Amino acid sequence: MSNIHLINTRKSNSGEIDSILRNLMSTQGVTAAAIVDSDGFVTHIQRDSEINTDAIGASVQVVFGAAARSAQHVGHHSTNMVICENTEGYILSTPIEAGFILAVVTQRDALLGRVRFELKETIPVLKKLFNNFLSN
Amino acid sequence: MANIHKSDYQIAQQQILDGIISGEFDIENRKDLGPLIPIRLFQALRMVALGSNVEDILGQGAPSLVYHSGQSLGLAMGQLAAANIDKDLETYVGKIKLLCRQLSIGLVVPDKVDLDAGILELRVDECVSCAGIHNVSAPICHFEAGMVGGIVKTFFNRNVKATETKCNALGDKTCLIRVDLL
């Protein structure tokens, strides 16, 4: 029988998560920061302009999943970050917990190293928040 | 006029959705075999082509793709059902139930509608994807969850999150999809 626990981070820790995303948005060149759940649904987002959240959420999960699978095929084990370098900027995605992913969209002139640093600093904080939520 | 290029999959998708919308289920080039296929063939496409095969390539991204695919169908079905009903929820649900039965997707039954809380729960009895499948460890009907999400999204014109909370393949005897209006 089902023993499904809905993970609805919208109703818990929402303020803290939004605050973390806003903080990421203050990094130079970052235009959007979002949390995507395991179904590809955007649970939280901060952005400068309109984004099709349904499409970007599913795409982030698909790209991250494909990259992680590729890594496994060459024995690289777990994937810590996926970076898409595009003509107009970057999309970086990083796993949090329970299939949730933090995704950040930047302009082309963003300092990639700085954004990566901010993500690596942010992930432990998000992991702690999510772990607290999941254990309740 | 802008030349909008469509891929071959998009062209086929349009023809399939047009066929569904027309309500005409007869199909050309199937004179002897007719329009129906064994459910196991559908399940092979759903659980193998759009399931384990996709999972082999996309890993944890597979459910997102399947959900998104189902949502596309749900949006198309919703547009069909929403035509000429003056935003009446009961009529809309009735048309969706009929459409799901006609397409043999399943028997859709509203289980809970709490619009104040922004929660709807719909049962899909005799779900086409998981009928006859057992012993899975988690719900597997992401396509149907996405489809129901797309249907609800169309009616309310709001973002939704649909989650399968019970699944026949888990031994629940039905599939229950909870939709949160956001």
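Coordinates for the structure precede this section.
In this text, all values refer to a predicted model and were calculated from it rather than measured experimentally. (Residues numbered from 1 in each chain as written. Chains lettered and ligands numbered in written order. Predicted model: local features only at pLDDT ≥ 70, side-chain atom pairs only at ≥ 80, totals over all residues. Heavy atoms only, no water.)

**Quick word on the interface of chain B and chain A**
Counting residues at the interface gives 31 residues for chain B, matched by 24 residues for chain A. Regarding the contact of chain B and chain A, the summed buried area is about 2000 Å², with carbon and sulfur atoms giving 54% of it. On the chain B side of the contact with chain A, Gln60, Ser64 and Lys161 of chain B bury the most area, a combined 26% of that side's loss. In this assembly, chain B and chain A are joined by three salt bridges. Linking lysine 161 of chain B and aspartate 37 of chain A is a salt bridge whose minimum nitrogen-to-oxygen distance equals 2.7 Å. Listed by contribution, the elements that provide at least two residues to the side of chain B that touches chain A are helix H2 (39-58), helix H3 (62-82), helix H5 (142-156), strand S3 (160-166) and strand S4 (175-181) of chain B. Tallying contributions element by element places S3 of chain B first for the side of chain B that touches chain A, with seven residues. Of the residues belonging to the side of chain B that touches chain A, the class tally is eleven nonpolar, eleven polar and nine charged. (Contact = heavy atoms within 4.5 Å. Buried area = accessible area lost by both parts, 1.4 Å probe. Salt bridge = Lys/Arg side-chain N within 4 Å of Asp/Glu carboxyl O. Helix = DSSP H or I, 4+ residues; strand = E, 2+ residues; numbered from the N terminus. Nonpolar A, V, L, I, M, F, W, Y, C, P; charged D, E, K, R; others polar.)

**Overview of the packing of aromatic side chains**
All names here are of chain B. A full pass over the atoms with the stated rule returns three aromatic pairs over all chains. On the basis of an interplanar angle of 40 degrees and a centroid distance of 4.7 Å, the ring pair of tyrosine 92 and phenylalanine 155 is categorised as tilted. With a gap of 63 residues between them, tyrosine 92 in helix H4 (residues 89-102) and phenylalanine 155 in helix H5 connect regions that are remote in the sequence. Neither tyrosine 92 nor phenylalanine 155 differs from the other in exposure class; each is buried. (Phe/Tyr/Trp six-rings, centres within 6.5 Å; stacked < 30°, edge-to-face > 60°. Buried < 20%, exposed > 50% of the residue type's maximum accessible area, 1.4 Å probe, protein only.)

**Here we look at a nonpolar patch on the surface**
Judged by side-chain polarity, Ile37, Leu41 and Leu45 of chain B come together as a nonpolar surface patch covering roughly 270 Å² of accessible area. Tracing the backbone shows leucine 45 of chain B in helix H2. (Patch = residues over 30% accessible without salt bridge, like charges linked within 9 Å, V, L, I, M, F, W, Y side chains within 5 Å. Areas by Shrake-Rupley, 256 points an atom, 1.4 Å probe, with all protein chains shown as cover.)

**Thoughts on the sheet that holds strand S4 (residues 89-95) of chain A**
All names here are of chain A. A sheet is described by the order of its strands in space; here five strands give the open sequence S2-S1-S5-S4-S3, paired in antiparallel fashion. Only two strands of the sheet have a single neighbouring strand rather than two, namely strand S2 (42-47) and strand S3 (82-86). Across this sheet, the average inter-strand angle for adjacent strands is 10 degrees, counted without regard to direction. Pairing geometry for S4 and strand S5 (residues 101-106), over five bridges, is antiparallel. Looking at S5, one finds that serine 93 is bridged to alanine 103. Strands in contact with helix H2 (residues 53-73) are strand S1 (30-36), S2, S3, S4 and S5; relative to S2, the strand with the most contacts, it is inclined by about 105 degrees. (Pairing = 2+ DSSP bridges. Axes fitted to C-alpha atoms, helices over the stretch in contact; angles between N-to-C directions.)

**Digging into the pairing of S1 of chain A**
Residues and elements named next belong to chain A. Within S1, seven of the seven residues are buried, which leaves it mostly tucked inside the rest of the structure. Summarising the sheet, S1 and S5 pair through six bridges and their orientation is antiparallel. Note on S5: the bridge partner recorded for alanine 34 is alanine 103. As judged from the five bridges shared by S1 and S2, these two strands associate in the antiparallel manner.

**Some remarks on the nonpolar core**
All names here are of chain B. Among the nonpolar cores identified, the biggest contains 42 residues, and Met77, Cys130, Ile140, Met147, Val152, Cys167 and Val179 are the most heavily contacted of them. For this core, the elements supplying multiple residues, two or more each, are helix H1 (8-22), H3, H4, strand S2 (119-125), H5, S3 and S4. For this core, the element with the highest residue contribution is H5, accounting for eight residues. Among all residues touching valine 179, those that are not within four sequence positions of it are Gly118, Ile119, Leu120, Leu122, Val148, Val152, Val160, Lys161 and Ala162. (Core = buried A, V, L, I, M, F, W, Y, C linked by side-chain atoms within 4.5 Å.)

**Observations regarding H3 of chain B**
Compared with the 30 Å implied by 1.5 Å per residue over 21 residues, the 30 Å span of H3 of chain B between its first and last C-alpha is a close match. Among the residues of H3 of chain B, Ala62, Ser64, Val66, Tyr67, Gly70, Gln71, Leu73, Gly74, Ala76, Met77, Gly78 and Ala81 of chain B are the ones counted as buried. Considering only its buried residues, H3 of chain B is in contact with H2 of chain A together with H1, H2, H4, H5 and S3 of chain B. Residue asparagine 84 of chain B follows H3 of chain B closely and has a positive phi angle near 60 degrees. (Expected span 1.5 Å × (residues − 1).)

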